[in-house]
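Residue-level listing of the chains:
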Amino acid sequence: MPGTGRTGAGAASGAGPWAVDLGVALLIQAAVTIPFVVPRGPGLPPADWPSYGLTTLAVLPLVWRRRAPVTVLLAVLVAQVLYKFTLDGAGQTLPYTSLMALYTVAALSPARRRIPAAVLTFALVPPGVAVNSGEARELLFSLFVFDAAYAFGRLTHTRRAYTAAVADRAAQLERANRIEAEQATARGTLRRPHQAPSAWAGPVRAATGRRPGPPSTVLAPRP
């Protein structure tokens, strides 16, 4: 999990791309819901309904992640920035939505779209850490997880390309074998008329008492 995100590899799943993307979105929604349902300390930001609603809006674009990966990534980043500077509610252990969106961009988008989107994402990491905790440990961890998401996306792209190449090679070999078999059958069909006299050899021998062939020459006696 090119161009704007259409791919045949994703459609290979038995459940279909829409069902898979919806399942991913629901799984991430469950993860971001945890801070809103567990007990929170008195010094933590409130887990209220407006914060939860905006968090859900950041997850919703993931349903279209394979159809427009770069657009979904931008929508997710805008929603997260808006969440930070407007509500600043319950925080998340990991930026699940942006990680999944970056992974999808790395896996599906061509270089002309993928590289600018990745550069923008990584450029937003230091400012995001600065307004959050400002700690070097958080910065290193954030860079690590975003690097991992991008690397896994590229690995997925490579695996799909290799699988498609192997399948194409197998199809070419199958076509070549079929053509060779058809040609061999055609050569055998052309040989059969030349072998017909041998089928009559037995009856001719039985009727004449000698092998079939050109009539023998009878020499007249010399005077």
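Just so it is clear, the structure is predicted and the values come from calculations on it, not from any experiment.

Chemist: Any chance you could explain the pattern of salt bridges here in plain terms?
Modeler: Any two side chains of opposite charge can pair, given that their charged atoms come close. Within the structure shown, the criterion is met by four salt bridges. Where R137 meets E135, a salt bridge forms, and the shortest distance between an N and an O atom there is 3.6 Å. A relative accessible area of 38% places E135 in the partly exposed class. One connected set of salt bridges, linked through shared partners, spans D21, R65, R66 and R67.

Chemist: Hey, could you run me through the nonpolar core in this one?
Modeler: For soluble globular proteins, the rule of thumb is that nonpolar side chains tend to be buried together. In this structure, I28, V59, L62, L73 and F146 are the most contacted members of the largest nonpolar core, which totals 24 residues. Those elements that provide at least two residues to this core are α2 (17–37), α4 (69–87), α5 (96–108), α6 (111–132) and α7 (136–191).

Chemist: It is not clear to me how α5 should be interpreted in this structure. Could you clarify?
Modeler: Because an α-helix completes one turn every 3.6 residues, residues spaced three or four positions apart along the sequence face the same direction. Look at α5: 18 Å from first C-alpha to last across 13 residues, which is about the 18 Å you get at 1.5 Å a residue. Within α5 the residues assigned to the buried category are T97, S98, L99, A101, L102, Y103, T104, V105, A106, A107 and L108.

Chemist: Would you mind going over the packing of α4 against α6 with me for this structure?
Modeler: A packed helix pair is summarised by two numbers, namely the angle formed by the two axes and the spacing between the axes. Axis separation between α4 and α6 bottoms out at 11 Å; the angle between their running directions is 10°. Judged by the angle between their axes, α4 and α6 are roughly parallel. Here α4 runs over α6; the crossing is left-handed. Along its contact with α4, which presents V70, L73, L74, L77, K84 and F85, the element α6 presents R113, A117, L120, T121, L124, V131 and N132. For the contact of α4 with α6, a count of residues per class yields nine nonpolar, two polar and two charged.

Chemist: So what exactly am I meant to see when it comes to the layout of surface pockets here?
Modeler: If you add up the space inside the largest pocket, you get close to 1200 Å³. Considering the residues around the largest pocket, the lining is formed by 39 residues, among which Q80, K84, Q92, P95 and N132 are closest to the centre. Within the residue set of the lining of the largest pocket, elements represented by two or more residues are α3 (49–59), α4, α5, α6 and α7. Broken down by element, the lining of the largest pocket gets its largest block of residues, eight residues, from α6. Considered class by class, the residues forming the lining of the largest pocket number 23 nonpolar, twelve polar and four charged. Here the second largest pocket defines a volume of roughly 190 Å³. Every residue along the wall of the second largest pocket is listed here: V24, L27, I28, L94, Y96, L99, M100, Y103, V145, A148, A149 and F152. For the lining of the second largest pocket, the elements supplying multiple residues, two or more each, are α2, α5 and α7.

Chemist: Where do I start with α3 in this structure?
Modeler: All of the buried residues along α3 are S51, L54, T55, A58 and V59. Seen from one end, α3 has its buried residues packed into an arc of 150°, which puts them on one side. Exposed side of α3, more than 90 degrees from the buried face: W49 and L57 are the residues found there. On its buried side, α3 packs onto α2, α4 and α5.

Chemist: In this structure, what is going on with the packing of aromatic side chains? I would like to understand it.
Modeler: The relation between two aromatic rings is expressed through the spacing of the ring centres and the mutual angle of the planes. Under the definition given, this model contains four aromatic pairs. Between the aromatic rings of F36 and Y52, the centroid separation amounts to 5.1 Å while the plane-to-plane angle is 75°, which identifies the pairing as edge-to-face. On the criterion of sequence distance, the pair formed by F36 in helix α2 and Y52 in helix α3 is long-range, its members being 16 residues apart. If you follow R67 out to its NZ or CZ, it ends over the ring of W18, 3.7 Å from the centre.

Rules behind the numbers
Residues numbered from 1 in each chain as written. Predicted model: local features only at pLDDT ≥ 70, side-chain atom pairs only at ≥ 80, totals over all residues. Heavy atoms only, no water. Salt bridge = Lys/Arg side-chain N within 4 Å of Asp/Glu carboxyl O. Buried < 20%, exposed > 50% of the residue type's maximum accessible area, 1.4 Å probe, protein only. Core = buried A, V, L, I, M, F, W, Y, C linked by side-chain atoms within 4.5 Å. Helix = DSSP H or I, 4+ residues; strand = E, 2+ residues; numbered from the N terminus. Expected span 1.5 Å × (residues − 1). Axes fitted to C-alpha atoms, helices over the stretch in contact; angles between N-to-C directions. Parallel < 35°, antiparallel > 145°, perpendicular 65-115°, else oblique. Left-handed = near helix turned anticlockwise from the far one by under 90°. Contact = heavy atoms within 4.5 Å. Nonpolar A, V, L, I, M, F, W, Y, C, P; charged D, E, K, R; others polar. 1 Å grid on protein atoms, 1.4 Å probe; cavity = no way out; pocket = protein on both sides within 12 Å on 5 of 7 lines; lining within 4 Å. Points joined across faces, edges and corners; volume = space filled by probe spheres on them. Arc of directions from axis to C-beta. Phe/Tyr/Trp six-rings, centres within 6.5 Å; stacked < 30°, edge-to-face > 60°. Lys NZ or Arg CZ within 6 Å of the ring centre and 35° of its normal.

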